[in-house]
Amino acid sequence: MARTALVEASDALRAAAERASAERGHQLTETADTLSTLASREPGPDHGRLARLEYTLRELKEAANPEAVDHIDDALGQIKAYRKTVEGV
């Protein structure tokens, strides 16, 4: 799975951004950009960084419209799957 999950999470957030309000769309796009950067950076993100991203996405999900929620859920699932491959905590 490696960091492919982070790329897929980024893609899901871009899809969510297209379906969200302008403000939420901007926030989702910024988070997608962050995930894309983390996917290509050495070393990869640690548990703390990923947990902060999950928190941000849960916050955005609460205010998102129903069309965007499914994509945010997909991104959260991909991040959680990636976290299982990260050593540590």
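Keep in mind the model is a prediction, meaning the values are calculated, not measured.

Basis of the calculations
Residue numbers here run from 1 along each chain, matching the order of that chain's written sequence. Where totals are concerned, whole chains, interfaces and linings use all residues; where local detail is concerned, this predicted model gives features only for residues with pLDDT of at least 70, and gives and counts side-chain atom pairs only at 80 or more. Water and hydrogen atoms were dropped before computing side-chain values, which therefore reflect all heavy atoms in the structure. For helices the rule is a DSSP run of H or I covering at least 4 residues; for strands it is a run of E covering at least 2, with both sets numbered from the N terminus onward. With C-alpha atoms as the basis for the radius of gyration, the globule rule is written as 2.2 Å multiplied by the number of residues raised to the power 0.38. Buried residues are those whose accessible area, probed at 1.4 Å on protein chains only, stays under 20% of the maximum for their type, while exposed residues exceed 50% and partly exposed ones sit between those limits. We call two residues contacting when some pair of their heavy atoms lies within 4.5 Å. Here the positive residues are Lys and Arg and the negative ones are Asp and Glu; neither His nor the chain ends is included. For charged residues, the charge sits on one atom: NZ in Lys, CZ in Arg, CG in Asp, CD in Glu. Under the rule applied, a polar contact is a pair of N or O atoms within 3.5 Å (in protein, one hydrogen donor and one hydrogen acceptor; residues adjacent in sequence only if both atoms are side-chain atoms). Axis angles are defined between N-to-C directions and span 0 to 180 degrees, where every axis is a line fitted to C-alpha atoms and, for a helix, only to the segment in contact. Here roughly perpendicular refers to angles of 65 to 115 degrees, roughly parallel to angles under 35, roughly antiparallel to angles over 145, and oblique to all remaining angles. Less than a right angle of anticlockwise turn of the near helix away from the far helix marks a crossing as left-handed, whereas a clockwise turn marks it as right-handed.

Before going further, it helps to examine the overall build of the protein. Helix and strand counts for the protein come out as four helices and zero strands. The helix and strand sequence of the protein, counted from the amino end, reads α-α-α-α. Since a compact globule built from 89 residues should have a radius of gyration of about 12 Å, the 12 Å found for the protein is in line with a globular shape. By principal-axis analysis of the C-alpha atoms, the protein measures approximately 35 × 20 × 20 Å. Counting across all 89 residues of the protein, residues that qualify as buried make up 39%. By sequence separation, contacts in the protein at least 24 residues apart represent 68% of the contacts at least 6 residues apart. With 12 positive and 16 negative side-chain charges, the protein shows a separation of 4 Å between the mean positions of the two kinds.

This brings us to unusual backbone geometry. Following glutamate 42, the chain continues into proline 43 via a peptide bond in cis, with omega recorded as -10°. Considering the arrangement of structural elements, one finds proline 43 in the loop between helix H2 (22-40) and helix H3 (47-63).

With respect to the helices and strands, arginine 3 occurs in the segment before helix H1 (4-19). Exposure remark for arginine 3: the relative accessible area of 18% places this residue in the buried category. Placed 36 residues apart in sequence, arginine 3 and alanine 39 show a C-alpha to C-alpha distance of 5.4 Å. Beyond its immediate stretch of four places on either side in the chain, arginine 3 contacts Leu38, Ala39, Ser40, Arg41, Glu42, Pro43, Gly44 and Tyr82. For arginine 3, the side chain forms a polar contact with the main-chain oxygen of arginine 41, separated by 2.5 Å.

Right, let's talk about the packing of H3 against helix H4 (residues 66-83) for a bit. Two numbers describe how H3 lies on H4: the axes approach to 10 Å, and their chain directions differ by 165°. Considered as vectors, H3 and H4 are oriented roughly antiparallel to each other. Note that H3 runs across H4; the crossing there is left-handed. Between H3 and H4, the residues in contact are His47, Leu50, Ala51, Glu54, Leu57, Arg58, Leu60 and Lys61 and Val69, Ile72, Asp73, Ala75, Leu76, Ile79, Lys80, Tyr82 and Arg83, respectively.

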